[in-house]
Every structure is written in C-alpha cells, then in structure tokens.
Amino acid sequence: MTSMQTTNTTQDPNYDVIVIGGGPAGSTTATLVSEKGHRVLLLERDKEPRFKIGESLVPATYWTFKRLGVLEKLKASHFPKKYSVQFYSKSGKSSKPFYFFENDPHESSVTWQVLRSEFDQMLLDNATEKGVEVQRGVSVHEVLFDEGKAIGVRAKLADGNIENLSAKVVVDSTGQSAFISRRLKINKIEPELRKASIYTHFESGIRDEGIDEGATLILHTANKDSWFWYIPLPYDRVSVGVVGSIDYLLQNRRSIDGRLDHQTIFEEELEKCPAVRSRIENAKQLFPVKVTKEFSYRANQIAGDGWVLVGDAFGFLDPVYSTGLFLALKSGEMAADAINDAFEKGDFSGERLGQFGSEYVEGMEAFRKLVYAFYAKEFSFARFLKAHPECQQGIIDILSGNVFTKDVSTIFPPMRQMCPLPEDMTL
Ligand SMILES: Cc1cc2nc3c(=O)[nH]c(=O)nc-3n(C[C@H](O)[C@H](O)[C@H](O)COP(=O)(O)OP(=O)(O)OC[C@H]3O[C@@H](n4cnc5c(N)ncnc54)[C@H](O)[C@@H]3O)c2cc1C
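As the structure is a prediction and not an experimental result, all values here were calculated from the model.

Colleague: Give me the site of the ligand: which residues, what numbers.
Modeller: Taken together, 39 residues surround the ligand, and among them G23, G54, G175, G311 and G324 come closest. Those elements that provide at least two residues to the shell around the ligand are α1 (24–34), β2 (40–44), β8 (139–146) and α9 (324–345). Broken down by element, the residue count for the shell around the ligand peaks at 4 residues, all from α9. The residue makeup of the shell around the ligand, split by class, is 14 nonpolar, 19 polar and 6 charged.

Colleague: Run through the nonpolar core, naming residues and quoting values.
Modeller: Core analysis: the largest hydrophobic core is formed by 122 residues, its most contacted members being V17, I18, V169, V170, V308 and I339. Sort the elements by how many residues they give to this core and α9 lands first, with 11 residues. Filtering out sequence-adjacent residues up to four positions away, V169 remains in contact with D16, V17, G306, V308, I339, A342, F348 and L353.

Colleague: Describe in detail the environment of S34, supporting the description with residues and values.
Modeller: By secondary structure assignment, the location of S34 is in helix α1. Between the C-alpha atoms of S34 and T128, which are 94 residues apart in sequence, the distance is 9.5 Å.

Colleague: Give a description of the pairing of β2 that names residues and reports values.
Modeller: Judged by how many residues are buried, β2 sits mostly within the fold: 5 of 5 residues are covered. Covered by surrounding structure in β2 are V40, L42 and E44 together with L41 and L43, the residues of both alternating faces. Sheet analysis places strand β1 (residues 15–20) next to β2, joined by 4 bridges and oriented parallel. By the bridge assignment, I20 is partnered in β2 with L43. Assessed by its sense of winding, the connection that carries the chain from β1 through α1 to β2 is right-handed.

The rules we used
As a convention, each chain's residues are numbered from 1 in the sequence order in which they are written. Local features in this predicted model are restricted to residues of pLDDT 70 or higher, and side-chain atom pairs are both shown and tallied only at a pLDDT of 80 or more, whereas totals for entire chains, interfaces and linings draw on every residue. Throughout this description, a residue near a molecule or strand is one whose C-beta atom, derived from the backbone, lies within 6 Å of it. In this text, helices come from DSSP runs of H or I with a minimum length of four residues, and strands from runs of E with a minimum of two, each type numbered from the N-terminal end. Residue polarity follows a fixed list, in which Ala, Val, Leu, Ile, Met, Phe, Trp, Tyr, Cys and Pro are nonpolar, Asp, Glu, Lys and Arg are charged, and the others, Gly among them, are polar. Put simply, a nonpolar core is a cluster of buried Ala, Val, Leu, Ile, Met, Phe, Trp, Tyr and Cys residues tied together by C-beta atoms within 7 Å. Each residue is classed by its C-beta neighbour count within 10 Å, where at least 20 other C-beta atoms makes it buried, 12 or fewer makes it exposed, and intermediate counts make it partly exposed; the C-beta atoms are placed from backbone geometry. By the convention adopted here, residues make contact when the C-beta atoms placed from their backbones lie within 7 Å. Strands qualify as paired when DSSP identifies two bridges or more between them. Seen with the strands pointing away from the viewer, any crossover whose path from the first strand over the helix to the second strand runs clockwise is right-handed.

Below, the structure is given as structure tokens:
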C-alpha cells in the first residue's frame, strides 16, 4: 500500500479511534466503539447540520437503531412512517405496494422517511451521549501514515489551527468524498451504473392515504430512460428526484451561458412522468434543483493497517432501493465490532480490522443484482412475479434489507432468465 504521508507523530496516541465524518456510518461506528470504553474522537467538517440527500430508510435499519439505542427517539419523531415501496412502470401502471409487514408482522417492518439534517444530528447527539467526543467544523486534510500504517490525521480545527491528532485506528466515513480510497486509488466506478441525479423538495405534494401516506414511490418515465423517486417527508415536504444515465440526463441538453440548465432537464423528465407531475402540479418547489453524478463505485479494499472504510466511503450502489443509509449503518456496526475485537487482541492489522469485509460485500451483492434487473429494459417486477410468484418473499426481503439475515439468492437464477445480471464482485 502506498502511504499518503509519513510522519513522526507522537508514539502515545491521543485517541483510540478517530472517525472522519459525522454521517450515519461515522456516528454508528463511533457510538458502538465508545460504548466499549474506548476513547473516540469524531470530526465532522460541517459546522451545522445541513441538507443531504438520502432520506428513505429500509426496515432492516431497525436492528442497528436498536443497538444504538435510538428507536424510542425515532418512534417519537415526526418522520413519516414508511410501510411500503411501490413501483410504477413506464406506462404509468403501478405495482401492488410491497408492504414489508406482509413478510414479517414485527414492528421492525415499519420504517421512516427522514430529513437528513435532523436524522444525522439525532445520531450524532446519541454518539455524544454515549461518550464520543464530537467536533464540528473540523476538516481532515490528511490521514497520517507511518510505514504503511495509519497513525492519525492532520486536521484544520474549528479555530483555524492545523494539528496532527493520533489514534490507533482511523475510520474513514467521509461519504462520497471517500477520502482514503480516492487517495490510495483503490476506488472503482461501476461502469454499467454511471448515473446522475437531479433533485429538490416540494411543499404540499399529493400523498396517498392511510398507511400508503409515507410510501416511497419509484416511477419510470415514459421511455424508461430515467426514473423518479417520490419520498414524503416531515413539514408537508416531498423529496422528488430523477435518475438516469449520465449520457442520457446530462448530455446534449440545453445550457445557459455554457452551463447546463438542470431545472429545465428536471422539468422535461417530469413531462415524461405524469404520475409524479400530477402530484406536484400545485406544490411549491422549495429550492433550486441539485445535481449529483457518478455515485456508484466501490473500493477494492475495506481496511488496511490502522484504517477502516465504512458507508459510502467504501462504496455506494444506485439509490433505487434506498439501501445507502442501511449499508452505512450496517457497515458502521460491523466495523465497530471488528475494531472492538482489534482492541481486545491488540492487533490493528488490516486483516483484523477488515474481517467483516466478505460478509458485507456478499450482502451488497444481492442489492446490486436487483439494481441491474431494475435497469434492464426487459425486466419488470410485475411480469417477473407473475411468472415466479414464489420469488415474492425474496424480493420483499431484499427491499426490506434482510440480505444479511436471510438467504435471498434463490430469486436470481429465475431472474437471470429474464434479464442479464452481473457476476459477483468480491473484495
Ligand atoms: C441521488 C441519491 C439519492 C439517495 N437516496 C437515498 C435514499 O433514499 N435512501 C438511502 O438510504 N440512501 C440514499 N442515498 C444514499 C445515502 O445518501 C448515503 O448512502 C448515505 O448518506 C451514506 O452515509 P455515510 O455516513 O456513509 O456518508 P454521508 O452521510 O455522506 O456522511 C459523510 C460525512 O463526512 C463529512 N466529511 C466529508 N469529508 C470530510 C473531511 N475531510 N473531514 C471531516 N468531515 C468530512 C461530510 O460533511 C458528511 O457529513 C442516496 C444517494 C444519492 C446519490
């Protein structure tokens, strides 16, 4: 492994663990390591909570929330309850909602749609309560290495001073910045999933009724070249975004003064999706559209000597099944267990810190295959389940996030007959 920076930082670490980034992956790892009595510092570059995309949870997050001790706060929150996800085909025909409780009547089958500024802060407050030293407004500039082993970070502190801080383990939870993997050049874009997204919030969008009020809707546009998400949020808001290949969404479109006119692209796609357009016809757009692209990638290593990657800092799949937050929480939990084990054994090697890697990647693979099916022109959930009703349970399990607890692999051989699916990626 190439070292990013070699330094002679003090041999006596200030901290047991330094976590870079205070999103869900970072706060989960930090909380569960701190609970074991280790001294954990979490550094978040944003001074204040801010808007983030990624607002819909899947039910399997319940178990990490339970471990973190935040279930009661979530239950008492104003986040809309999500019982199901529903797909609309390019002709505007909707599938029956996939109700998670049909698979499992347990309370974990109901989850939430969250406003990220509030949700991320809730998890950070919980980390503080569990003993983590959380510092906002601190930007990490370097991970410090000594003979290939991570030994700390160089950070710009809130007072503007630049300091070296040392630790036995450095956790990279910087999200799509993917601080370590981009610098080590171990990050690989998924070529078939080179997508872009344009999104915003609306006030007073139309919602369905009863338990469908908080449902996530996934709606294809008329040519199936793009799709919309429709996610009800608190404060009478809905999150609406369109996703398509970069080539389709961002090439050969109208530009103003040499810059792409993203608002017009968003509206052009809305025209191809009457089911979304009619829901927001009389709604108020709350801020100019935002754009993110090239978000599907993965590092080919999850840990090294003295460092671990969690959440998006390791990899991200497409947003279609709302699995990003779940994977952030789950990898945070798995990494925390590996770090706690490393402290017990006094072994901070990449092998020990990355012991969860294969199991984690195997879980990600189930989502990844279903993502490929979603984008295949020849695939539709309705047609697939008509031909293979026995696969209903497996599909709901994946949409619920039960990829680490159930065997969902049986749905893929019949699915492969309908559309091409990728070979498994391993670490
Ligand atoms: C278009 C789109 C739609 C999505 N929709 C969904 C959805 O509906 N449901 C879902 O579950 N997921 C969704 N996701 C994915 C979800 O947003 C991410 O998977 C999730 O936020 C990952 O959490 P994280 O903790 O790994 O990273 P983040 O939440 O990105 O947190 C990383 C943190 O690190 C901080 N940071 C970065 N660099 C530094 C530094 N150098 N020093 C200090 N701090 C730093 C950042 O400020 C940030 O707070 C979507 C993603 C995209 C692109």
